[in-house]
Amino acid sequence: MTGQRSITETEKLVQGRLGGIAIRHEQMAVVANIHRAAAAVRQHLENSVLRDVDLTWTGFVVLWVIWIWGESESRQVAEEAGISKGTLTGVSRTLVSRGLIARSEHAGDRRLVLLGLTSRGEELMRRVFPDFNAEEAFVAERLTPEECLTTADALRRIVRQVEEHGEERRLHLLGGARPAPRRSGRRPKA
């Protein structure tokens, strides 16, 4: 990648800049490299596989979520894809216009929108995913199968940490803890 610093060069510069500051360097290196790896992998997959089928990363992820989970309420699709409902609206319009997904009303609540793959969307995912997976294998080629499993497990633990404790941490950092739930209609004693 011309014009970009290598990971090693960047880490040396960071260490030089922040070496005297009391921070957790190892944890910073993990998070920084998660970000760099995710960006590099995303760019590689967009350029090597998704561009050929005229899909963006986000469009592919939305198709993947619906392919794996089946027809789902739009709010759940957005959450699983890690995008806002507003972003999903634009992406789903594009995918609907291409005939890859269909929108329908929820039978029990007409305010809710369900998203499902069309036969054309199903065919696309079955055709594209083997190529996508081949590039996943290319990306992880320098890792042994055991290292792949260890890395995947470590990343799952990071995700669980944020999912299970992130909101509590955010509230703590904002200076307020979440109030304990009230168990009855009575006011708490002062």
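Residues numbered from 1 in each chain as written. Predicted model: local features only at pLDDT ≥ 70, side-chain atom pairs only at ≥ 80, totals over all residues. Heavy atoms only, no water.

The name given to the protein in an unreviewed UniProt entry is MarR family transcriptional regulator, and the organism recorded there is Spongiactinospora gelatinilytica.

Draft legend 1. Looking closely at the domain arrangement of the protein. On domain assignment, one finds that the protein holds domain 1 (14-139) and domain 2 (144-171). Using only C-alpha atoms to locate each centre, domain 1 and domain 2 end up separated by 18 Å. (Domains from an automatic or database assignment.)

Draft legend 2. Geometry of helix H4 (residues 74-81). Here H4 has its buried residues at Ser74, Val77, Ala78 and Ala81. Considered in projection along H4, the buried side chains sweep an arc of 100 degrees and stay on one side of the axis. One or two residues past the end of H4 sits glycine 82, with phi positive at roughly 75 degrees. (Buried < 20%, exposed > 50% of the residue type's maximum accessible area, 1.4 Å probe, protein only. Helix = DSSP H or I, 4+ residues; strand = E, 2+ residues; numbered from the N terminus. Arc of directions from axis to C-beta.)

Draft legend 3. Just the packing of helix H2 (residues 25-50) against helix H6 (residues 119-139), in detail. Interaxial distance between H2 and H6 falls to 10 Å at its minimum, and their mutual angle equals 140 degrees. By the angle between their directions, the pair H2 and H6 is classed as oblique. In terms of crossing hand, the pair formed by H2 and H6 is right-handed. The residues of H6 that touch H2, namely those facing Val41, His44, Leu45, Ser48, Val49 and Leu50, are Val128, Asp131, Phe132, Glu135, Glu136, Phe138 and Val139. (Axes fitted to C-alpha atoms, helices over the stretch in contact; angles between N-to-C directions. Parallel < 35°, antiparallel > 145°, perpendicular 65-115°, else oblique. Left-handed = near helix turned anticlockwise from the far one by under 90°. Contact = heavy atoms within 4.5 Å.)

Draft legend 4. Region of interest: the pattern of salt bridges. Within the structure shown, the criterion is met by seven salt bridges. Here glutamate 123 and arginine 127 are joined by a salt bridge, their closest N and O atoms 3.1 Å apart. Of this pair, glutamate 123 and arginine 127 both sit in helix H6, four residues apart, which is roughly one turn of the helix. Taking the relative accessible area as the measure of exposure, glutamate 123 reaches 41% and is therefore partly exposed. Using a relative accessible area of 44% as the deciding quantity, one classes arginine 127 as partly exposed. Put simply, arginine 170 and glutamate 167 hold a salt bridge, and the shortest N to O gap is 2.8 Å. Remark: glutamate 167 and arginine 170 occur in helix H7 (residues 145-173); sequence separation between them is three residues, near one turn of the helix. Look at arginine 170 and you get partly exposed, because its relative accessible area is 41%. (Salt bridge = Lys/Arg side-chain N within 4 Å of Asp/Glu carboxyl O.)

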